[in-house]
Amino acid sequence: VEIKSANYINIKTNDQDPGYYLIANVFSDRNNATRFMIALSQNDLKPNYFIRADNDYYYVYLAFDVDKSKIESLYKSKINNTYLEELWILLVEPE
């Protein structure tokens, strides 16, 4: 894992679609990830998740795109002021 900046993390894997993920939280427990996603959905957000193969953690994200500028815009606007908690960007690149 290489930290690109304060809000970027870069990983290389073939287990996940390459692109930019706007991460809201990471969980080691599936039930916690599910509860978090339900709470986000009740606030009209559209969360999704993936399980990272090398650590079995659940990465809950609010947006995905191959276009860096789109994800940065969502990050800066806090998803158009709909999610005020901490966010960070995960860049997934193929190995």
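For the structure itself, look to the data block above.
Nothing here was measured: the structure is a model prediction, and the numbers come from that model.

## Some remarks on the overall build of the protein chain
Okay, step 1: Scanning the protein chain from terminus to terminus reveals 3 helices and 6 strands.
Okay, step 2: When the elements of the protein chain are put in sequence order from the N terminus, they spell out β-β-β-α-β-β-α-α-β.
Okay, step 3: In terms of overall size, the protein chain behaves like a compact globule, its C-alpha atoms giving a radius of gyration of 13 Å where 95 residues would be expected to give roughly 12 Å.
Okay, step 4: Taking the contacts inside the protein chain whose residues are at least 6 apart along the sequence as the reference set, 66% of them involve residues at least 24 apart.
Okay, step 5: About 6,000 Å² of surface is accessible on the protein chain, with carbon and sulfur atoms providing 45% of the total.
Okay, step 6: Between the averaged position of the 10 positive side-chain charges in the protein chain and that of its 14 negative side-chain charges there is a distance of 4 Å.

## Examining the packing of aromatic side chains
The description of an aromatic ring pair rests on the distance of the ring centres and on the angle between the ring planes.
Okay, step 1: Across all of its chains, the model carries 8 aromatic pairs by this definition.
Okay, step 2: Between Y59 and W88, the aromatic rings sit 6.4 Å apart at their centres with planes inclined by 75 degrees, giving edge-to-face as the arrangement. With Y59 in strand 5 (residues 58–65) and W88 in strand 6 (residues 88–93), this pair connects stretches of sequence that are 29 residues apart.
Okay, step 3: Given the relative accessible area of 5%, Y59 is considered buried.
Okay, step 4: One aromatic cluster is present, formed by Y21, F50, Y59, Y61, F64 and W88 through successive ring pairs.

## Some words on the pairing of strand 3 (residues 19–27)
Okay, step 1: Strand 3 sits mainly inside the fold: 7 of its 9 residues count as buried.
Okay, step 2: Direction of pairing for strand 3 relative to strand 6: antiparallel, over a ladder of 5 bridges. Looking at strand 6, one finds that Y20 is bridged to L91.

## A closer look at the environment of D65
Okay, step 1: Residue position: D65 is located in strand 5.
Okay, step 2: Expressed as a C-alpha distance, the spacing of D65 and R52, which sit 13 residues apart in the sequence, is 18 Å.
Okay, step 3: In this view, D65 contacts G19, Y20, K70 and I71; residues no more than four positions away in its chain are not counted.

## Concerning the nonpolar core
Okay, step 1: Counting residues in hydrophobic clusters, the biggest one holds 20 residues, and the most contacted among them are L62 and Y83.
Okay, step 2: If you list the elements that add at least two residues to this core, you get strand 3, helix 1 (30–42), strand 5 and strand 6.
Okay, step 3: Aside from chain neighbours lying at most four places away, what touches Y83 is A24, F36, L40, L45, L62 and K78.
Okay, step 4: Y21, Y59, W88 and L90 belong to the second largest nonpolar core, which has 9 residues in total.

The rules we used
Each chain carries its own residue numbering, running from 1 in the direction its sequence is written. Owing to the predicted nature of the model, reporting of local features is limited to residues with pLDDT of at least 70; listing and counting of side-chain atom pairs is limited to 80 or more, with chain, interface and lining totals taken over all residues. Note that the side-chain values use all heavy atoms of the structure and ignore hydrogens as well as water. Numbering of helices and strands runs from the N terminus; a helix is a DSSP stretch of H or I covering at least four residues, while a strand is a stretch of E covering at least two. Throughout, the radius of gyration refers to the C-alpha atoms, and the reference size of a globule is 2.2 Å times the residue count to the power 0.38. In what follows, residue pairs with any heavy atoms lying within 4.5 Å of each other are defined as contacts. Accessibility throughout is a Shrake-Rupley quantity obtained with a 1.4 Å probe, and a residue counts as covered only by protein chains that appear here. Note that His is not counted, nor are the chain ends; the positive residues are Lys and Arg, and the negative ones are Asp and Glu. By convention, the point assigned to a charge is CZ for Arg, NZ for Lys, CD for Glu and CG for Asp. Aromatic rings from Phe, Tyr and Trp, taking only the six-membered ring of Trp, are treated as a pair when their centres fall within 6.5 Å; an angle between ring planes under 30 degrees marks them as stacked, one over 60 as edge-to-face, and anything in between as tilted. Note on exposure labels: buried denotes an accessible area under 20% of the residue type's maximum, exposed denotes more than 50%, and partly exposed covers the range between, all computed with a 1.4 Å probe on protein chains only. When DSSP finds two or more bridges between two strands, those strands count as paired. Throughout this description, the term nonpolar core refers to a set of buried Ala, Val, Leu, Ile, Met, Phe, Trp, Tyr and Cys residues connected via side-chain atoms within 4.5 Å.

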